[in-house]
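A structural walkthrough
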Amino acid sequence: MVRRQTKLTMMKIISMFSVVRGYNIPVVVLAQYLSAIFIFAPEKRALHVLLDANLFVIILASALTIASGYIINNFYDSNKDLINRPQKSKLDRLVSQKTKLNVYFSLNFFVALIAFFVSFRAVLFFSGYIFLIWLYSHKLKRLAIIGNLTAAILAILPFFAILLYYKNFYPEIVAHASFLGILILIREIIKDLENIQGDLANGYQTIPVKYGEKIAHQVVMGLVVSTVIPLFFLIDVYDVGFMDFYFYGAALALIAFALRIPLSQRKQDYLILHLILKFLIVLGVFSIVLINPRVLENARLLLPN
């Protein structure tokens, strides 16, 4: 009996981990710290950035807000996920909707509480972030174009929090944000193509549902072509250290990606495209260290004098 109860508890923990997509959040945390060290505050010593208590609170608040966002998104998408992700949905349903909402409100309350330790402005930022995530999950994601744009903005907002904290604005930040935003926007449309059956059955007016798969393909192709603009600035105009190798590789990967789009018709085809984009985004996170590899090569940059 005890063993059965322990097993059930473990399954519920795994279920909640699946709901909040715990495998994604560490990547966002790493991306925020690397962005702070190499992009937003390059003039500061890496150790000072890592030991900054206020930065830690901002990143913790971002991680918890994202987790709560996944919960409320899962809450509203439960019927759609039964069609699009039946196996994941089965695991997610081990935790009741009531429990999910309790965790959701608890996380949001804790985020507002710890944000006070930074500033009232931080409280306002995260309160707005939480509200926008709820609005997206409840209403906006059902709308064509608006839902995709909102999803891309929500994905970038944690980095905007770091920018507001340091108050350092460099032109290359716009190029980095633009490239990342376009990749995320493409990924959102690919996800809509991948989940078209569930969206259609539940009245979601996504681009593929409202305008058809052919138009969605054309929109994706147009967005892929538009990445040329930020890539040009990141490779030829701004100094991004050795990270330009990543951008060269990303350009080649996007060409291969574009060639696959007209041939994609099945859910499995869109899943492959989705994974390519996800790989590019995650690889981009780790490639940030290439802006100044000395942080890895020379340990004294991470150690106090």
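The preceding data block contains the structure.
Residues numbered from 1 in each chain as written. Predicted model: local features only at pLDDT ≥ 70, side-chain atom pairs only at ≥ 80, totals over all residues. Heavy atoms only, no water.

Turning next to the overall build of the chain. Counting secondary structure elements, the chain contains 17 helices and 0 strands. In terms of C-alpha radius of gyration, the chain reaches 20 Å, essentially the compact-globule figure of 19 Å for 305 residues. With respect to the three principal axes, the spread of C-alpha positions in the chain is 55 × 50 × 40 Å. Taking all contacts inside the chain whose residues are at least 6 apart in sequence as the whole, residues at least 24 apart take part in 78%. Treating the 29 positive side-chain charges of the chain as one cloud and the 16 negative ones as another, the clouds have centres 12 Å apart. (Helix = DSSP H or I, 4+ residues; strand = E, 2+ residues; numbered from the N terminus. Rg over C-alpha atoms; globule rule 2.2 N^0.38 Å. Contact = heavy atoms within 4.5 Å. Lys, Arg positive; Asp, Glu negative; His and termini not counted. Charge placed at Lys NZ, Arg CZ, Asp CG, Glu CD.)

Attention now goes to the nonpolar core. Formed by 89 residues in total, the largest nonpolar core has its most connected members in Phe179, Ile186, Ile190, Phe247 and Phe257. The leading source of residues in this core is helix H4 (residues 53–76), at 12 residues. Not counting residues within four places of it along the chain, the set of residues in contact with Phe179 comprises Thr227, Pro230, Leu231, Leu234, Tyr246, Phe247, Ala250 and Leu254. (Core = buried A, V, L, I, M, F, W, Y, C linked by side-chain atoms within 4.5 Å. Buried < 20%, exposed > 50% of the residue type's maximum accessible area, 1.4 Å probe, protein only.)

Once that is clear, we can look at a nonpolar patch on the surface. Residues Ile145, Leu149, Tyr211, Ile215 and Val219 make up a contiguous nonpolar surface patch of roughly 400 Å² in combined accessible area. The residue Tyr211 is located in helix H12 (residues 207–211) in this model. Exposure remark for Tyr211: the relative accessible area of 41% places this residue in the partly exposed category. (Patch = residues over 30% accessible without salt bridge, like charges linked within 9 Å, V, L, I, M, F, W, Y side chains within 5 Å. Areas by Shrake-Rupley, 256 points an atom, 1.4 Å probe, with all protein chains shown as cover. Salt bridge = Lys/Arg side-chain N within 4 Å of Asp/Glu carboxyl O.)

In the structure shown here, the tally under the stated rule is 6 salt bridges. The salt bridge partner of Asp77 is Lys141, with a shortest N-O separation of 2.4 Å. Here Lys141 lies in the loop between helix H8 (120–138) and helix H9 (146–166) and Asp77 lies in the loop between H4 and helix H5 (78–84), a separation of 64 residues in the sequence. Between Asp199 and Lys80 there is a salt bridge; the shortest N-O distance is 3.1 Å. With Asp199 in helix H11 (residues 196–201) and Lys80 in helix H5, this pair connects stretches of sequence that are 119 residues apart. On the basis of relative accessibility, which here comes to 7%, the residue Lys80 falls in the buried class. Connected through shared salt-bridge partners, Asp77, Lys80, Lys141 and Asp199 make up one network.

Spanning 17 residues, helix H15 (residues 244–260) covers 25 Å between terminal C-alpha atoms, matching the ideal 24 Å at 1.5 Å per step. Listed in full, the buried residues belonging to H15 are Asp244, Tyr246, Phe247, Ala250, Leu254, Phe257 and Ala258. Down the axis, H15 shows its buried residues gathered within 135° of arc, on one side only. Exposed and oriented more than 90 degrees from the buried face of H15 are Phe245, Leu252, Ile255 and Leu259. (Expected span 1.5 Å × (residues − 1). Arc of directions from axis to C-beta.)

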